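# Examining the three-dimensional arrangement
One letter stands for each residue in the lines below.
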Amino acid sequence: MRRATCLLTLELLAGVCLGHAQAKSEARPPRTILIKAARVLDVITGRYMEAGILIEGDRIKEVGRAGDLEARAAKDMTVVDLRSAAVLPGLIDCHTHLMARIPDGPDGYTLNLATKSQAFRALEGAADARATLEGGFTTVRDVENEGSGYADVALRDAINQGLVEGPRMQVATRAIAAVGQYNPFGVSPDLRDFPTGAQMISGLEDARRAVREQIGYGADLIKVYADWFRPTLTVEEMSVIVEEAHKAGRKVAAHATSAEGQRNAITAGVDSIEHGHGADRRDLEMMKAKDVYWVPTLGYFFYHAESASSPRAREYMQEMLRRGRENIVIARDLGVKIANGFDASSAEGQGQNAHEITAMAKLGLSPIEAIRAATTNAASLMGWQARVGSIEAGKYADLIAVAGDPLTDITELEHVKFVMKGGVIVKNDFATH
Ligand SMILES: [Zn+2]
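Description of the structure in this document. (Residues numbered from 1 in each chain as written. Predicted model: local features only at pLDDT ≥ 70, side-chain atom pairs only at ≥ 80, totals over all residues. Heavy atoms only, no water.)

Let us look at the nonpolar core. Counting 67 residues, the largest nonpolar core has Ile222, Val224, Ile241, Ile273, Trp294 and Leu413 as its most contacted members. With six residues, helix H11 (residues 311–334) is the largest single contributor of residues to this core. Apart from residues no more than four positions distant in its own chain, Ile241 is found in contact with Ile176, Ala207, Val211, Ile222, Val224, Leu233 and Val252. (Core = buried A, V, L, I, M, F, W, Y, C linked by side-chain atoms within 4.5 Å. Buried < 20%, exposed > 50% of the residue type's maximum accessible area, 1.4 Å probe, protein only. Helix = DSSP H or I, 4+ residues; strand = E, 2+ residues; numbered from the N terminus. Contact = heavy atoms within 4.5 Å.)

Shown next, in the form of structure tokens:
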């Protein structure tokens, strides 16, 4: 009886969805846009091509000679002239926190939790999503909402429904950390119900339950804290997390800054190492052998080491940069897949995601390698390589354009002048007024 009810519900749902889609497509044919461009970056070959991009609805229909496309396409199509610009696929950030505007200072994290409602956090997220999209990032992987409940699921769904503007999102929801080993620190033990930055677990059943719960409430991936300066979750706990996540087709991203934390996470079978600042050649070889992605998150250090609030912080950031410079070259030479992630978590950092691409290029990657980290590599880490990450027929019409040449000056990506997501122009500073 139960089964019959479920099947019936599924059928009804399918009927409703199909009916809805049909009604929509009957109402009006998909909009056609032709983009004429002198320099379209093929991120796979690393070369520019002179091309037209024909867009139908939210997808790229064809990339080819602009004249041919114009002759064949519908007469009422919209033509967008980007012949003075370089056109790239929409950028991807694999490590962001749209729900995080954490104030500076030692009590910033605690105050953030204590003074903002989850509803307010979601609204902050909406503002950050818009800033990120306008910065040229049409897809993000949000790797933990920092104690805002399931606000990231709400934001993702609101974007998908067109209620607010933002990038395509994969969300990790609450993240999983060992009891007492993640923010906020220093809260009185009398305040047992004070919110935590992650879902705190201890033991295998806790670990299993947390994954099931987060997936149940809408997580697209799972984030674990393998360490917090020192190893925290055990290999066994993380193995259970990976097992449950993979069973449900979800990937696992592991925060790890210590060498041991990183090795524990890789041994447990995670899909990406976030930060990985303490890695050495052996760890990077281990990553390569297990096909684990590396999301180095060095941009913040690159841009802020010199203006750090204390000599100690400056020293730490400079050391991370020194190691990053060494490791990024080793990783590239070993063939470790590097994916872009800026780790935005402050009001000022939101929308500045391209800083990470600049940092990777200045620390040792070539411009095209840094761009691939934010396009093709990022797309495949997310499992969305068939949808986003390059300008090819069948993929979402997610495009950006800049005035100069990012292959000679990577900082051009910090000044994106045109953004299109799913065939909709979000901003166009090239348009003549
Ligand atoms: Zn982070």
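The next thing to look at is the side chain of Asn183. Mapping Asn183 onto the fold places it in the loop between strand E8 (176–178) and strand E9 (199–201). Contact partners of Asn183, with chain neighbours within four places excluded, come to Tyr109, Thr196, Gly197, Ala198, Met200 and Trp228.

What follows concerns the pattern of salt bridges. For the coordinates displayed, the defined rule picks out 30 salt bridges. Ionic pairing is found between Arg141 and Glu274, a salt bridge with its closest N-O pair at 2.6 Å. With Arg141 in strand E6 (residues 137–142) and Glu274 in strand E14 (residues 272–275), this residue pair connects regions lying 133 residues apart in the sequence. You'll find Arg141 and Glu274 in the same group, each marked buried. One salt bridge in this structure joins Glu244 and Lys247, with 2.9 Å as the shortest N-O distance. Highlighted residues: Glu244 and Lys247, both in helix H7 (residues 235–247), separated by three residues, approximately one helical turn. Classification of Glu244 as buried rests on a relative accessible area of 4%. For Lys247, a relative accessible area of 57% corresponds to the exposed category. (Salt bridge = Lys/Arg side-chain N within 4 Å of Asp/Glu carboxyl O.)

Strands sit in the order E5-E6-E7 across an open sheet of three strands; the sheet is parallel. Either end of the sheet is taken by a strand with one partner, and the two such strands are strand E5 (91–96) and strand E7 (168–171). On average, adjacent strands in this sheet sit at an angle of 15 degrees to one another, irrespective of strand direction. In this sheet, E7 lies alongside E6 in parallel orientation, the contact comprising four bridges. Residue pairing in the sheet places Arg141 in a bridge with Gln170 of E7. (Pairing = 2+ DSSP bridges. Axes fitted to C-alpha atoms, helices over the stretch in contact; angles between N-to-C directions.)

At their nearest, the axes of H7 and helix H8 (residues 259–268) sit 8 Å apart, and the two run at 40 degrees to each other. On the basis of the axis angle, H7 is oblique to H8. Read as a crossing pair, H7 and H8 show a hand that is right-handed. Contact with H7, carried on its side by Val235, Met238, Ser239 and Val242, involves Asn264, Ala265, Thr267 and Ala268 of H8 and no other residues of that element. Here the contact of H7 with H8 is composed, by residue class, of five nonpolar, three polar and no charged. (Parallel < 35°, antiparallel > 145°, perpendicular 65-115°, else oblique. Left-handed = near helix turned anticlockwise from the far one by under 90°. Nonpolar A, V, L, I, M, F, W, Y, C, P; charged D, E, K, R; others polar.)

Attention now moves to the packing of H8 against helix H9 (residues 281–289). Contact geometry for H8 and H9: axes closest at 11 Å, N-to-C directions at 15 degrees. For the element pair H8 / H9, the angle class is roughly parallel. Crossing of H8 over H9 shows left-handed handedness. Contacts between H8 and H9 pair Ala259, Gln262, Arg263, Ile266 and Thr267 from the former with Arg282, Asp283, Met286 and Met287 from the latter. When grouped by side-chain class, the residues that make up the contact of H8 with H9 number four nonpolar, two polar and three charged.

Taken together, His95 (NE2), His97 (NE2) and Asp343 (OD) make up the protein donors of the zinc ion, found 2.0 to 2.2 Å from the metal. Of note, the donors binding the zinc ion are all from one chain and are spaced H-x1-H-x245-D. On the criterion of sequence distance, the pair formed by His95 in strand E5 and Asp343 in the loop between H11 and helix H12 (354–362) is long-range, its members being 248 residues apart. (Donors = N, O, S within 2.8 Å, 3.2 Å for Na, K, Ca; no water.)

Within this structure, the stated rule accounts for nine aromatic pairs. Grouped by ring-pair contacts, the aromatic residues Tyr109, Tyr182, Phe185, Tyr225, Trp228 and Phe229 constitute a single cluster. The residue whose ring lies beneath Arg39 is Tyr48, and the NZ or CZ to ring-centre distance is 5.8 Å. (Phe/Tyr/Trp six-rings, centres within 6.5 Å; stacked < 30°, edge-to-face > 60°. Lys NZ or Arg CZ within 6 Å of the ring centre and 35° of its normal.)

Below, the discussion takes up H7. Its 13 residues place the ends of H7 18 Å apart at the C-alpha level, agreeing with the 18 Å of an ideal helix rising 1.5 Å per residue. For H7, the set of buried residues is Glu237, Met238, Val240, Ile241, Val242, Glu244 and Ala245. If you follow the buried residues of H7, they end up packed against E8, E9, helix H6 (204–216), strand E10 (221–225), strand E13 (251–256) and H8. Gly249 lies just past H7 and shows a positive phi near 75 degrees. (Expected span 1.5 Å × (residues − 1).)

Another aspect to go through is the environment of Ser390. Relative to the helices and strands, Ser390 resides in the loop between helix H14 (376–382) and strand E16 (399–402). A residue is classified by how much of its surface remains accessible, and Ser390, at 5% relative accessible area, is buried. When the C-alpha positions of Ser390 and Thr376 are compared, they lie 6.5 Å apart, and in sequence the two are 14 residues distant. In contact with Ser390, other than residues within four places in its own chain, are Val43, Ile44, Pro89 and Lys395. A distance of 2.5 Å separates polar atoms of two side chains, one belonging to Ser390 and the other to Glu392. Within polar-contact distance, the side chain of Ser390 engages the side chain of Lys395 at 2.6 Å. (Polar contact = N/O pair within 3.5 Å; in protein donor to acceptor, adjacent residues only side chain to side chain.)

Turning next to unusual backbone geometry. Here the residue pair Asn183 and Pro184 is connected by a cis peptide bond, since its omega of 0 degrees sits within 30 degrees of zero. The backbone of Ala175 sits at a positive phi, close to 70 degrees, despite the residue not being glycine. In this fold, Ala175 is placed in the loop between E7 and E8. Phi is positive for Phe229, which is not a glycine, with a value near 70 degrees. By the secondary structure assignment, Phe229 is in the loop between strand E11 (227–228) and strand E12 (230–231). Judged by its relative accessible area of 59%, Phe229 falls in the exposed class.

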